[in-house]
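The primary structure of each chain is shown beneath.
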Amino acid sequence: MIRPTCRNVRTALPKTCPVHAPRRGLTSRTIITDNKNLVPIRTNLRGSSLLNTPRLNKGAGFTREERAVFGLEGFLPYDVHSLEKQALRAYNQLLKQPTVILKHAFLASLRDQNQVLFYRLLQDHLKELLGVLYTPGAAEAVENYSNLFRRPIGCFISYPNHEGMRAQLEAHLQDVNRTADVAYHSKDSKDAIDLVVVTDAEAILGIGDQGVGGITISTSKAALYTLGAGINPNRILPVVLDVGTDNHALFADPLYMGWKRTRLRGKNYDNFVDKFIANCRDIFPNAIIHFEDFGMTNAYRFMEKYKDKIPMFNDDIQGTGAVTLAGLLAALKVSNQKLGDQRIVIYGAGSAGMGIANQIRDGLEILDGKTRQEANKHFWCVDRNGLLVESMGNNLRHSQQGYARPDAEIANWELENPEQHAAYLMDVIKNVKPTVLIGTSTSRRAFNEDIVREMAKYVERPIIFPMSNPTALCEVDPEDALAWTDGKALVATGSPFAPVPLPNGGTYTVAQTNNALVYPALSLGAILARSKTISPSMLMAAVHSLAQLSPALKDPGASLLPDLSEVRNVSVVVAAAVCRQAVADNNATDQTTIDIVNGNHDVSLEEYIKSQMWDPVYRPLELVD
Ligand SMILES: NC(=O)c1ccc[n+]([C@@H]2O[C@H](COP(=O)([O-])OP(=O)(O)OC[C@H]3O[C@@H](n4cnc5c(N)ncnc54)[C@H](O)[C@@H]3O)[C@@H](O)[C@H]2O)c1
Ligand SMILES: O=C(O)C[C@H](O)C(=O)O
Ligand SMILES: [Mg+2]
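Residue positions within a chain follow its written sequence, with the count starting from 1. The lettering of chains begins at A and the numbering of ligands begins at 1, in the order of writing. Whole-chain, interface and lining totals are the exception, using all residues; otherwise, since this is a predicted model, local features are given only for residues with pLDDT of at least 70 and side-chain atom pairs are given and counted only at 80 or more. In computing side-chain properties, one takes all heavy atoms of the structure into account and sets aside hydrogens as well as water.

The chain appears in an unreviewed UniProt entry as Malic enzyme from Vanrija pseudolonga.

(A) Representation of the overall build of the chain in the model. Helices and strands together make up the secondary structure of the chain, namely 25 helices and 16 strands. Throughout, the radius of gyration refers to the C-alpha atoms, and the reference size of a globule is 2.2 Å times the residue count to the power 0.38. The C-alpha radius of gyration of the chain comes to 25 Å, within 12% of the 25 Å expected for a compact globule of 625 residues. With respect to the three principal axes, the spread of C-alpha positions in the chain is 80 × 60 × 55 Å. Here the chain, with 625 residues, has 60% of them falling under the buried criterion. The long-range share in the chain, meaning contacts at least 24 apart out of those at least 6 apart in sequence, stands at 71%. Within the structure as shown, the chain displays about 25000 Å² of accessible surface, and the carbon and sulfur contribution to it stands at 50%. In the chain, the 65 positive side-chain charges and the 67 negative ones have mean positions that sit 6 Å from each other. A run of H or I in DSSP counts as a helix once it spans at least four residues, and a run of E counts as a strand once it spans at least two, with each numbered from the N terminus. Think of it in three bands: residues with accessible area under 20% of the maximum for their type are buried, residues over 50% are exposed, and the middle band is partly exposed, with areas taken using a 1.4 Å probe on protein chains only. In this description, contact between two residues means that some pair of their heavy atoms is separated by no more than 4.5 Å. Calculation of accessible area relied on Shrake-Rupley with a 1.4 Å probe; when residues are assessed, cover is drawn exclusively from the protein chains displayed. Counted as positive: Lys and Arg. Counted as negative: Asp and Glu, with His and the chain ends omitted from the count. In plain terms, the charge of a residue is placed at NZ if it is Lys, CZ if Arg, CG if Asp and CD if Glu.

(B) Expanded view of the UniProt feature "domain: Malic enzyme NAD-binding" (unreviewed entry) in the chain. The feature "domain: Malic enzyme NAD-binding" (unreviewed entry), as given by UniProt, occupies residues 317-583 in the numbering adopted here. The annotated region residues 317-583 carries 42% helix and 11% strand content, and the separation between its end C-alpha atoms amounts to 24 Å. UniProt positions are given in the numbering used here, feature names are shortened, and annotations may be inferred rather than shown by experiment.

(C) Molecular detail of the site of ligand 1. The immediate surroundings of ligand 1 are formed by 25 residues, with Tyr347, Ser351, Ala352, Asp383 and Asn515 found nearest. Interatomic distance of 2.8 Å between a backbone N/O atom of alanine 352 and an oxygen atom of ligand 1. One of the backbone N or O atoms of asparagine 469 is found 2.9 Å from an oxygen atom in ligand 1. Going through the elements one at a time, α14 (315-335) and α15 (351-368) are the ones with two or more residues in the shell around ligand 1. Split into classes, the residues belonging to the shell around ligand 1 amount to 6 nonpolar, 15 polar and 4 charged. Counting only domains with at least three residues in the shell around ligand 1, you end up with domain 2 (151-310) and domain 3 (318-514). Throughout, the term near means that a residue has one or more heavy atoms lying within 4 Å of the molecule or strand in question. We call two N or O atoms a polar contact when they sit within 3.5 Å, provided that within protein one can donate a hydrogen and the other can accept it, with sequence-adjacent residues counted only if both atoms are side-chain atoms. For this scheme, ten residues count as nonpolar: Ala, Val, Leu, Ile, Met, Phe, Trp, Tyr, Cys and Pro. Four count as charged, namely Asp, Glu, Lys and Arg, and the remainder, Gly too, count as polar. Segment limits for the domains were obtained from an automatic or database-derived domain assignment.

(D) Quick peek at the packing of aromatic side chains. Planes of paired rings set the category: under 30 degrees apart is stacked, over 60 is edge-to-face and the rest tilted, where pairs are Phe, Tyr or Trp rings (Trp by its six-membered ring) whose centres lie within 6.5 Å. Per the counting criterion, the structure on display carries 11 aromatic pairs. Plain terms: the ring middles of tyrosine 145 and phenylalanine 149 are 5.8 Å apart, the flat faces sit at 70° to each other, and that makes the pair edge-to-face. What makes tyrosine 145 buried here is its relative accessible area of 12%. Take phenylalanine 149: its relative accessible area is 30%, and that puts it in the partly exposed class. Geometrically, the ring pair formed by tyrosine 225 and tyrosine 519 is edge-to-face, given 4.8 Å between the ring centres and 70° between the ring planes. Of this pair, tyrosine 225 sits in helix α10 (residues 215-229) while tyrosine 519 is found in helix α21 (residues 519-529), placing the two residues 294 residues apart along the sequence. Taken together, Phe118, Tyr119 and Trp614 form an aromatic cluster joined through their ring pairs.

(E) Expanded view of the coordination of the magnesium ion (ligand 3). Looking at the magnesium ion (ligand 3), one finds its protein donor set to be Glu292 (OE), Asp293 (OD) and Asp316 (OD), positioned 1.9 to 2.1 Å from the metal centre. Any N, O or S atom lying within 2.8 Å of the metal counts as a donor, with the limit raised to 3.2 Å for Na, K and Ca; because water is left out of the atom set, some sites can appear incomplete. Each donor residue of the magnesium ion (ligand 3) belongs to the same chain, with the gaps between them written as E-D-x22-D. Linking aspartate 293 in the loop between β5 (288-291) and α13 (296-306) with aspartate 316 in helix α14, this pair joins segments that are 23 residues apart in sequence. Judged by relative accessible area, which is 3%, aspartate 293 ranks as buried.

(F) View of unusual backbone geometry. Residue proline 136 is bonded to the preceding threonine 135 through a cis peptide linkage, with omega at 5°. Along the chain, proline 136 turns up in the loop between α6 (126-133) and α7 (137-143). Residue proline 470 is reached from asparagine 469 by a cis peptide bond, and omega for that bond is -10°. Here proline 470 is to be found in the loop between β11 (463-466) and α20 (478-484). Its identity as a non-glycine residue notwithstanding, asparagine 336 has a phi of 60°, on the positive side. Its location among the elements puts asparagine 336 in the loop between α14 and β7 (344-347). Residue classification places asparagine 336 among the exposed residues on the basis of a relative accessible area of 69%.

(G) The arrangement of the layout of surface pockets in detail. Only protein atoms enter the 1 Å grid used here, on which a cavity is any set of points holding a 1.4 Å probe that cannot leave and a pocket is any open set flanked by protein within 12 Å on both sides along at least five of seven lines; residues with an atom within 4 Å of a point are listed as lining. Grid points are joined across faces, edges and corners, and a volume is the space filled by probe spheres set on the points. Its volume calculated, the largest pocket comes out at about 980 Å³. Around the largest pocket, the lining is made up of 40 residues, and of these Leu205, Gly350, Ser351, Thr440 and Thr442 lie nearest the centre. Where the lining of the largest pocket is concerned, the elements lending two or more residues are α13, α14, α15 and β8 (379-383). For the lining of the largest pocket, the per-class residue count stands at 10 nonpolar, 21 polar and 9 charged.

(H) Examining the packing of α14 against α15 more closely. For the pair α14 and α15, the least separation of the axes is 7 Å and the interaxial angle reads 55°. On the basis of the axis angle, α14 is oblique to α15. For the crossing formed where α14 meets α15, the hand is right-handed. Facing Asp316, Ile317, Gln318, Thr320, Gly321, Ala322, Thr324, Leu325, Leu328 and Leu329 of α14, the residues of α15 in contact are Ser351, Ala352, Gly355, Ile356, Gln359, Ile360, Gly363 and Leu367. Under this scheme, a helix contributes an axis fitted over its contacting stretch, all axes are lines through C-alpha atoms, and angles between N-to-C directions fall in the 0 to 180 degree range. The scheme is simple: roughly parallel for angles under 35 degrees, roughly antiparallel for over 145, roughly perpendicular for 65 to 115, oblique for anything else. Here a crossing is taken to be left-handed if its near helix is turned anticlockwise relative to the far helix by less than a right angle, and right-handed if that turn runs clockwise.

(I) Representation of the pattern of salt bridges within the structure. By definition, a salt bridge exists where a carboxyl oxygen of Asp or Glu is found within 4 Å of a side-chain nitrogen of Lys or Arg. Within this structure, the stated rule accounts for 35 salt bridges. Between aspartate 246 and arginine 265 there is a salt bridge, and its shortest N-O distance comes to 2.9 Å. Separated by 19 residues along the polypeptide, aspartate 246 in the loop between β4 (236-242) and α11 (248-252) and arginine 265 in the loop between α11 and α12 (266-283) bring together distant segments of the chain. Taking the relative accessible area as the measure of exposure, aspartate 246 reaches 33% and is therefore partly exposed. Close ionic contact of arginine 361 with aspartate 362 constitutes a salt bridge, the shortest N to O distance being 3.6 Å. The structure contains a network of salt bridges with shared partners spanning Asp191, Asp194, Arg235 and Arg530.

(J) How the structure looks around the pairing of β8. For β8, the tally of buried residues reaches 4 of 5 residues, placing the bulk of the element in the interior. As paired elements, β7 and β8 share 4 bridges and run parallel to each other. Each bridged residue has a counterpart across the sheet, and for isoleucine 344 the counterpart in β8 is phenylalanine 379. The antiparallel hairpin formed by β8 and strand β9 (residues 386-387) contains 2 residues in its connecting segment. Any two strands with at least two DSSP bridges between them are considered paired.

(K) Just the site of ligand 2, in detail. All residues adjacent to ligand 2 are Tyr134, Thr135, Leu205, Lys221, Glu292, Asp293, Asp315, Asp316, Asn469, Asn514 and Asn515. One of the side-chain nitrogen or oxygen atoms of asparagine 514 is found 3.0 Å away from an oxygen atom of ligand 2. At 3.0 Å from an oxygen atom of ligand 2 is found a side-chain nitrogen or oxygen belonging to asparagine 515. Here ligand 2 has 260 Å² of accessible area as a free molecule, and 90% of this is covered by the chains.

Next comes the structure, spelled out in structure tokens:
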């Protein structure tokens, strides 16, 4: 509905009503409610240039009038087809692709031809196609990047070209501005990018260093932003920082397309990443920077360096922590337990594992009033060399240090292999009797029958979250975990799994505890608030709002978290919670959002959020000179 009485509400096309100038230091968004898809996109492209511009191309969907205005008649077969018909044709073509990797390649090429059709197809078949576009399909696509390459998507910042970095980023800005979309852009050409998704590809999913192929993780996450939170795909910049690779298979591949040098480390690496951040802040001053799949040490270092200064977050650390705590809170509701009573084992003390520990620890402090020291005592973190203990000293990474257990604790344990002088997973399970077991180890089937049965001996409803991606690296198949616990385990996984028939009848729907349930809304909320940082309280607001959407709260047999295919609806609620928190903390700088949150508008926050979400529909085009 259009609300002409509001100060910032725009009711007509931009020519007749320009965007209001923001107050000093504040941004101010335009609100276009249900007519937003009728606002034309202006372009000077015609003929084949228009057909070859994926963000404008409609293919057979160009109307007769558009074909006349844009000189398209001779370039297209006669009949005009609706978007629905085009999506049906595309779906039929996709079904003919025999493997996941070929389906992924088909989607990539569709994205390269017709952006609206790509998103429409995915939206129509989200449940079925998420596993192709995202995990697990993205893993294969990353690994095969150089062999399957057709056309580049995204931004490639390669170390040997570092002197030209600024010009390369500016070229992307110009590219976006060339087809400025007045429904979403303010007049400031620097306001064209909302979000930068960047990886250096050192730790892609659980498959390690993937060099330049890591661009596909940035582009897949970017697509999920659009599908999951309606962030305009043309306002997202997916980036790979190509700093070389230590992956020997890539070196040996003559078709490898990245920089064939061992990975850059030390000062030069740090300067390169810092220079990238500085350039992004300057060229895209409003953009949130999403860090993805950096190696653990770099991931933590850069998060610590920037998180209190700029709007950035690390998805593997913070996004994963948030979705896991939401899933855990839902599981505890089902089992009627308190967070403060849990004994939590984290298996795989890397980026994700320690990010999860940090978020749960914040939960223990905030929800249970524990001190940091008390909260830390709830965790037992096991990595390759066994349980983290204090005597590991300098061998512990900075992020692991607070969680190391005193050596005296295990002095009296009867170890399975005493000659190894360390406690491994089975030792920890036997002695700690954990209530929660989380897997972020990339160690396939590490939660074997002995481990799961041992855990279930001491706990009525063991909470088991094997989070490693892709599917093949999952620590335990939900079917097995449920069979070994007589259907009592509360299980959630990082990659999608089919529902599991239970021994006593019925089925168990396995929640996907994937950060994709959180990061799209987290960024959407932060973008709309134009928040100065992404604060711990904004993350906690996301956790609470997601946990409250758990289907298991109404039906204890249902999934612990909403289905990922529901992410768009979930995102409205979670983004609203994030916006409210940003405003409450004085962290928001967007006047429109501040006004709406403070009730000084007659548009509700949720309605406003929906109005800002990009839809995969054909918008009118307007020819300009
Ligand atoms: N579900 C999600 O949303 C989500 C989010 C982020 C990461 N992940 C998954 O978590 C896994 C880890 O990712 P990461 O970014 O933390 O990687 P990482 O490399 O930072 O951490 C992995 C950790 O596991 C340890 N490890 C490896 N083998 C082990 C073994 N046999 N026993 C114990 N520890 C072992 C490593 O030493 C390392 O500390 C990946 O599979 C990734 O896909 C899932
Ligand atoms: O990419 C995903 O599926 C989730 C996560 O960021 C991961 O690295 O596994
Ligand atoms: Mg990741």
